[in-house]
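This is what each chain is made of:
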Amino acid sequence: MKPELGVCYYPEHWPEEMWATDAAQMVETGLSWVRIGEFAWSRMEPTPGDLQFDWLDRAIEVLGAVGLKVVLGTPTATPPRWMLEKHPDMLAVDAQGQPCKFGSRRHYCFSHQGYIAECARIVRLMGERYGRNPHVAAWQIDNEYGCHDTTVSYSQPALREFQWWLADQYGSVDALNAAWGNVFWSMEYAGFDQIDLPNLTVTEPNPAHVLAFRRFSSDQVVMFNKAQVDALRPLTDAPLLHNYMGRVLDFDHFKVGADLDIATWDSYPIGFLSDRLEADEAHKAAFLQQGDPDMQAFHHDLYRAVGRGRWWVMEQQPGPVNWAPYNPAPLPGMVRLWSLEAVAHGAEVVSYFRWRQAPFAQEQMHAGLLTPNNTPAPAMAEARQTAVDLAELGALTQTQADVAIVFDYASDWAWATQPQGAGFNYFRLVFSAYRALRRAGLSVDFIAASETPKTGYKLILAPGLATLDDDLETRLTEGCDLAILGPRTSAITRDFQIPTSGRPGLSGLDCEVDLVETLPPNVQRDVNGGGAAQHWVDRLSGDAPDLLTFVDGTSALKGENGLWYLAGFPDEALWERVISMAAKTVDLTLHAMPEGLRRRETEQHIFLINYTAALALWNGHEIAACDVVILPKGLAAQG
C-alpha cells in the first residue's frame, strides 16, 4: 500500500470563506486526507433535536471537491452543555468521589446508559446523512479514549453496572467471595448489591476487587465503542477507526480494536519524552527536541497489532505542544523523520495535528502547519518534503519480524494494583525489552496475550505477563523457536491469587519462584559476567539449568527445551547479554546500533533512522542528524 499524508482540520473554527483556500493549500502541500468533526457536537445540535448539519454538508463538499478524503469524527468526546441538563448524572467521578465539571472535554462516564443512547442517536443520524457520501472515506469513533484519566469512573451508574457485571462474571456471591479471598479481613458479602466500588477505603482495597473493577472499566469502553460501531456499520462501507494514545493502558485496546477496521494513534514524541517516560536527565537532554528513539516505534508496532496490520498516525506532532511540562520545538528534520519512521512501521496515513494553530481556548499554544495568521510554520516545509519522499518511495510491504513481544493490558492493571515495588511497572519492563531488541537492530512485532501467535518467530518475549491462560504456554512455545518469560510472569490468577501450581507454574520448565524482592533505585543485583537486575528479583529454585547466575550464586536465568525464565528486571547490559544468548540459540542475526540510530526492515527496504543531533555511521552508511536513509535491501546488505 502506498502511504499518504493528512491533517486535522476544524472548519467550525474559521470563517466559511477560508475553507476553499485551506482545502486547495492542503492539496498543494501534498495532503490526501483531512479529519473533521470530532469536537463539533454543539454546532451539529445546538439544542436537543435542533440538528444543524448544513454547515458540515458544505465543509465536506468543499474539502471533497478538491480531492481530499474526509475522516468524519463522531463528536461524542465533547457532549454539549445541554446534555448535562438532560442527564445530570452522566459525569465521570474521580477516586475521591468528586464529579467532573463541564468546561473541557471527556467529562462523560462510560457506564451511563442514557449518554450511550444519545451517542448512538447522533452517530446514527450522521451515518444516515453521510454514510454514503463519496467524500467521507473513513469514520473516527469518539476521540482518545482514556485521555485525562477518564477510563475509570466511580459514579453511581458505574456502581450499578459493576454489580451487574460481577453477577454475570461470577454467577453467585459465594463464588465471588471464594475467588477474591474475602474471608481475609471479614470482607465477605451476602449479595452483589453490597459490593461497592474500590475507592475511599481506609487502606488498600482487596486487589482482586480492584482488578475486577479495572477489567469492568475496560469492558465499559469496549461496550461504549461498540454502541457507535453498531449504529454506523449498516449505514456505511467506509472503514471505522479510533485514535488511541501513547502509554495509555487503562483499557484493552485489542478488544476495542476487534470491532474496528483500522487502529490509529496520536504521536507526540517531544511531549511524551517529558511526561510519559522514565529516563535519566542526560537522556532527556540529549533527545529534548527529538523525542525518545524507541517511544514512537513501540506504539507504531503495538497499534499495528491492535489494527491487525492496518494502522495510521491520526495526530502527528508538528511543533511545540501545549500540554507537556516543557514544550521545546522539534529540531529541523524531525517532523519529516517522525513521518517516515511511521511509514517504515506500516502506517497507511500520517496525519498532522493540526492545519492551523487555534488563536483561542485551551490549545492556542499548540503549533500547527500554519500559524493563526496563516504564515507557514516550520513543519509545513517538512510536510511538503515528506509528500515528495513518499511519492518517490511508492508502495511498501510489511513482513513478519523474527521477534515478537506479548503485550497484555490486564497485566498493567494487575501490577498497578499491587506493584510491590515503587520502581516496577508493566510498561517500563516491556519497554525495556523492546528497547533492547531495537538496540540490536531488530524489527519487532507485538502479540496479544489472547492471541495464538503466527508460526515462524525465532524469539518471543513475555516479560511481566501476570497470568498465563491454560494453553498460553503451549501457544507461545509452538509459535517460536525460543520463548523467554519473566520476571513476574504467571504470578497470579485472573482473580489475583497466587496459583495453586506455584509461580510461574510452567509445565515445560522445572523452575519455581520461592520469593520475590523489590529494590530501591540505588540498589541492583549483579550478574556473573556482567549486567544486573533492578527494581524486581524473583528468587528461583528447580532443576532447570542455570544459564546465568547472580554473584551470590542464585539463578538469574533458567532455561531448556525452548523455554527460558528470567529472574529479574534487567538493566541494559543484562538485556544485551540475554538477547545475544538467545540470538546464538535460534540463529538470529543482530545489528548493533549506535546510540540513537535505529533500523527498521520492510520487504523492500532498510530504514536507518537517526534520532541524534549528530552524524551517525552504520555499516558504511552515513546518516545525517535528524535524518532518515532508506536503502534497498540489496544495497543495505552490501554496505
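Note that the structure is a prediction, hence the values are computed from the model and not measured.

Undergrad: Let's hear about the overall build of the protein chain: which residues, and what values?
TA: In terms of helices and strands, the protein chain carries 19 helices and 24 strands. For 639 residues, the compact-globule estimate of 2.2 N^0.38 gives 26 Å, and the C-alpha radius of gyration of the protein chain, at 25 Å, lies within 12% of that figure. Structurally, the protein chain occupies a C-alpha span of about 75 × 70 × 40 Å along its principal axes. By residue count, 60% of the 639 residues in the protein chain fall in the buried class. For the protein chain, contacts bridging at least 24 residues in sequence account for 71% of all contacts bridging at least 6. Computed over 49 positive and 80 negative side-chain charges, the inter-centroid distance for the protein chain is 3 Å.

Undergrad: Any chance you could break down empty space enclosed by the protein for me, citing the residues and the numbers?
TA: All chains considered together, the criterion is met by three cavities of 30 Å³ or more. Of the voids in this model, the largest cavity is the one considered here, and its volume is about 50 Å³. Contributing to the lining of the largest cavity are Cys-109, Phe-110, Ser-111, Thr-151, Val-152, Ser-153, Ala-158, Phe-216, Ser-217 and Gln-220. The dominant element in the lining of the largest cavity, judged by the number of residues it contributes, is helix H8 (residues 207–232), at three residues.

Undergrad: Which residues make up the sheet that holds strand E18 (residues 563–566), and what values go with them?
TA: Pairing is mixed in the open sheet, where seven strands are placed in the order E10-E9-E11-E12-E18-E17-E16. The two strands at the open ends of the sheet, each matched to only one other strand, are strand E10 (444–448) and strand E16 (546–549). Neighbour-to-neighbour, the strand axes of the sheet open up by a mean angle of 20°, direction not taken into account. Running over the sheet, helix H16 (residues 426–439) touches strand E9 (403–407), E10 and strand E11 (457–462) and is turned about 175° from E9. Against the sheet, helix H18 (residues 572–586) contacts E11, strand E12 (480–485), E16, strand E17 (555–560) and E18, and its axis sits at roughly 175° relative to E18.

Undergrad: Please give an account of the packing of aromatic side chains that cites residues and values.
TA: Under the criterion given, the structure shown has 44 aromatic pairs. Taking the centre distance of 5.6 Å and the plane angle of 75° together, the rings of Phe-298 and Phe-431 count as edge-to-face. Taken as a pair, Phe-298 in helix H12 (residues 295–306) and Phe-431 in helix H16 lie far apart in primary sequence, 133 residues in all. By relative accessible area, Phe-431 is classed as buried at 4%. It is Arg-356 that lies over the ring of Trp-14; its NZ or CZ is 4.6 Å from the centre. A cation over an aromatic ring shows up here: Arg-488 above the ring of Trp-415, its NZ or CZ 3.6 Å from the ring centre.

Undergrad: With reference to specific residues and values, describe the sheet that holds strand E24 (residues 628–632).
TA: Strand order in the open sheet formed by three strands is E20-E21-E24, with antiparallel pairing between adjacent strands. Bordering the open sheet on either side are strand E20 (597–601) and E24, each of which pairs with just one other strand. The mean angle between the axes of side-by-side strands here comes to 20°, regardless of whether they run parallel or antiparallel. By the bridge criterion, five bridges tie strand E21 (residues 605–610) to E24 in an arrangement that is antiparallel. What sits directly across from Ile-606, in E24, is Leu-631. Against the sheet, helix H13 (residues 334–344) touches E20, E21 and E24, its axis set at about 145° to E21.

Undergrad: So what about a nonpolar patch on the surface? Which residues, and what values?
TA: Taken together, the side chains of Val-183, Phe-184 and Trp-185 define a hydrophobic patch exposed on the protein surface, amounting to about 400 Å² of accessible area. Relative to the helices and strands, Phe-184 is located in the loop between helix H7 (173–180) and H8.

Undergrad: Lay out the layout of surface pockets in plain terms, naming residues and giving numbers.
TA: Approximately 1,100 Å³ is the volume attributed to the largest pocket. Lining the largest pocket are 41 residues; nearest its centre among them are Phe-39, Thr-78, Arg-105, Gln-362 and Glu-363. Among the elements that make up the lining of the largest pocket, the one with the highest residue count is helix H2 (residues 41–44) (three residues). Each residue belonging to the lining of the largest pocket can be placed in one class, and the counts come to 17 nonpolar, twelve polar and twelve charged.

Quick notes on the rules
Residues numbered from 1 in each chain as written. Predicted model: local features only at pLDDT ≥ 70, side-chain atom pairs only at ≥ 80, totals over all residues. Heavy atoms only, no water. Helix = DSSP H or I, 4+ residues; strand = E, 2+ residues; numbered from the N terminus. Rg over C-alpha atoms; globule rule 2.2 N^0.38 Å. Buried < 20%, exposed > 50% of the residue type's maximum accessible area, 1.4 Å probe, protein only. Contact = heavy atoms within 4.5 Å. Lys, Arg positive; Asp, Glu negative; His and termini not counted. Charge placed at Lys NZ, Arg CZ, Asp CG, Glu CD. 1 Å grid on protein atoms, 1.4 Å probe; cavity = no way out; pocket = protein on both sides within 12 Å on 5 of 7 lines; lining within 4 Å. Points joined across faces, edges and corners; volume = space filled by probe spheres on them. Pairing = 2+ DSSP bridges. Axes fitted to C-alpha atoms, helices over the stretch in contact; angles between N-to-C directions. Phe/Tyr/Trp six-rings, centres within 6.5 Å; stacked < 30°, edge-to-face > 60°. Lys NZ or Arg CZ within 6 Å of the ring centre and 35° of its normal. Patch = residues over 30% accessible without salt bridge, like charges linked within 9 Å, V, L, I, M, F, W, Y side chains within 5 Å. Areas by Shrake-Rupley, 256 points an atom, 1.4 Å probe, with all protein chains shown as cover. Salt bridge = Lys/Arg side-chain N within 4 Å of Asp/Glu carboxyl O. Nonpolar A, V, L, I, M, F, W, Y, C, P; charged D, E, K, R; others polar.

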